[in-house]
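Structure at a glance
Here's the letter readout for the chains.
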Amino acid sequence: MGNDPIYLIVNIIGGTYLSIVLLRFLLQMARADYYNPISQAIVKATQPLLAPMRRAVPSIRGLDTSSLLLALAVEVVMVLIIDFRAYGGSLPATYVVLCSLAGVVYSLLRIYFWAILISVILSWVAPNADHPGARLVMQITEPVYRLSRKVIPPLGGLDLSPILIFLVIQLAQGQVQRFVIV
């Protein structure tokens, strides 16, 4: 399956769009700057599919459920393509949904892993960076840092919260990875 060009194409195109949709969800969850040029690009990339969904799917307690449903739908399509290509369409529907949910969670964890890593590097290299990308990374990671700092408060000038976050992400990815097909 790893050498199959269809698998590679589905993984690259579908995974990229899935990441963009999940980034939109995370940006809204973190209440990141909407007028940031990167935020605007993400909104423009997801708007054609999200606009009709927003009319039918309401937000729940400020949670952008339509973005989550679109992410799940993208992952279901990816899993179904791989299922038909690799297994002849023999996977049960419940397993397809379970694998899709696991794929979305795994992708969210992967986004947070890279965002935390980038924020750690930025804190060393350019602590007061004013680049739009740096600001978005900081805005996305700040809620996770805040939660982590409740468990491990900063020790003087040393913040150990990224270590806890990386540990939790690795443990969660290990549990979820068993169900990930794409």
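Parameters and conventions
Residues numbered from 1 in each chain as written. Predicted model: local features only at pLDDT ≥ 70, side-chain atom pairs only at ≥ 80, totals over all residues. Heavy atoms only, no water. UniProt positions renumbered as here; feature names shortened; annotations may be inferred. Patch = residues over 30% accessible without salt bridge, like charges linked within 9 Å, V, L, I, M, F, W, Y side chains within 5 Å. Areas by Shrake-Rupley, 256 points an atom, 1.4 Å probe, with all protein chains shown as cover. Salt bridge = Lys/Arg side-chain N within 4 Å of Asp/Glu carboxyl O. Helix = DSSP H or I, 4+ residues; strand = E, 2+ residues; numbered from the N terminus. Axes fitted to C-alpha atoms, helices over the stretch in contact; angles between N-to-C directions. Parallel < 35°, antiparallel > 145°, perpendicular 65-115°, else oblique. Contact = heavy atoms within 4.5 Å. Nonpolar A, V, L, I, M, F, W, Y, C, P; charged D, E, K, R; others polar. Expected span 1.5 Å × (residues − 1). Buried < 20%, exposed > 50% of the residue type's maximum accessible area, 1.4 Å probe, protein only. Arc of directions from axis to C-beta. Polar contact = N/O pair within 3.5 Å; in protein donor to acceptor, adjacent residues only side chain to side chain. 1 Å grid on protein atoms, 1.4 Å probe; cavity = no way out; pocket = protein on both sides within 12 Å on 5 of 7 lines; lining within 4 Å. Points joined across faces, edges and corners; volume = space filled by probe spheres on them.

Within an unreviewed UniProt entry, the label attached to the protein reads YggT family protein, and the organism entered is Proteobacteria bacterium 228. Recorded under Sequence similarities (unreviewed entry), the UniProt text for the protein is reproduced unchanged: "Belongs to the YggT family."

Turning next to a nonpolar patch on the surface. Where nonpolar side chains cluster on the molecular surface, the patch consists of Leu8, Ile9, Ile12 and Ile13 and spans about 400 Å² of accessible area. Summarising the element assignment, Leu8 is placed in helix 1 (residues 5–29).

Following the UniProt record, one finds the feature "transmembrane region" (unreviewed entry) at residues 6–27, 68–87 and 93–126. Measuring from the first to the last C-alpha atom of residues 6–27 gives 31 Å, for a span that is 100% helix and 0% strand. In the segment residues 93–126, helix accounts for 97% and strand for 0%; the C-alpha atoms at its two ends are 48 Å apart.

One way to put it is that helix 5 (residues 132–151) packs onto helix 6 (residues 161–176) with a least axis distance of 9 Å and a crossing angle of 105 degrees. When the axes of helix 5 and helix 6 are compared, the pair comes out roughly perpendicular. Counted together, Val144, Tyr145, Ser148, Arg149 and Val151 of helix 5 and Ser161, Pro162, Leu164 and Ile165 of helix 6 form the full contact between these two elements. For the contact of helix 5 with helix 6, the per-class residue count stands at six nonpolar, two polar and one charged.

In a regular helix each residue adds 1.5 Å, so 16 residues correspond to 22 Å; helix 6 covers 22 Å between its end C-alpha atoms and thus fits that length. Among all positions of helix 6, only Ser161, Pro162, Ile165, Phe166, Ile169, Gln173 and Val176 are buried. Along the long axis of helix 6, the arc covered by the buried residues comes to 130 degrees, so they all point the same way. Looking at helix 6, the residues exposed on the side facing more than 90 degrees away from the buried face are Ile163 and Leu171. Buried residues in helix 6 make contact with helix 4 (93–125) and helix 5.

All right, on to the environment of Arg178 then. Checked against the element boundaries, Arg178 lands in the segment after helix 6. Through-space distance from the C-alpha of Arg178 to that of Leu164 is 22 Å; in sequence the pair is 14 residues apart. At a separation of 3.2 Å, a polar atom in the side chain of Arg178 contacts the side chain of Gln175.

For helix 1, which comprises 25 residues, the first-to-last C-alpha distance of 35 Å matches the rise-based estimate of 36 Å (1.5 Å per residue) to within 8%. At the C-terminal side of helix 1, Arg31 shows a positive phi close to 55 degrees.

Sizing a probe to match a water molecule and rolling it over the atoms shows the empty space that remains. In this model, the largest pocket occupies a volume close to 430 Å³. Ser119, Val120, Ser123, Tyr145 and Asp159 are, among the 20 residues lining the largest pocket, the residues nearest its centre. With six residues, helix 5 is the single largest residue contributor to the lining of the largest pocket. Here the lining of the largest pocket is built from residues that sort into 13 nonpolar, three polar and four charged. Approximately 340 Å³ is the volume found for the second largest pocket. If you list the elements that add at least two residues to the lining of the second largest pocket, you get helix 1, helix 4, helix 5 and helix 6. Considering each element in turn, the lining of the second largest pocket owes the most residues, five residues, to helix 6. Grouping the amino acids of the lining of the second largest pocket by side-chain chemistry returns 14 nonpolar, one polar and no charged.

Now for the side chain of Ser66. In this structure, Ser66 sits in helix 3 (residues 65–87). Of note is the side chain of Ser66, whose polar atom sits 3.0 Å from the side chain of Asp64. Residues within four places of Ser66 in sequence aside, it is in contact with Leu50, Met53, Arg54 and Val57.

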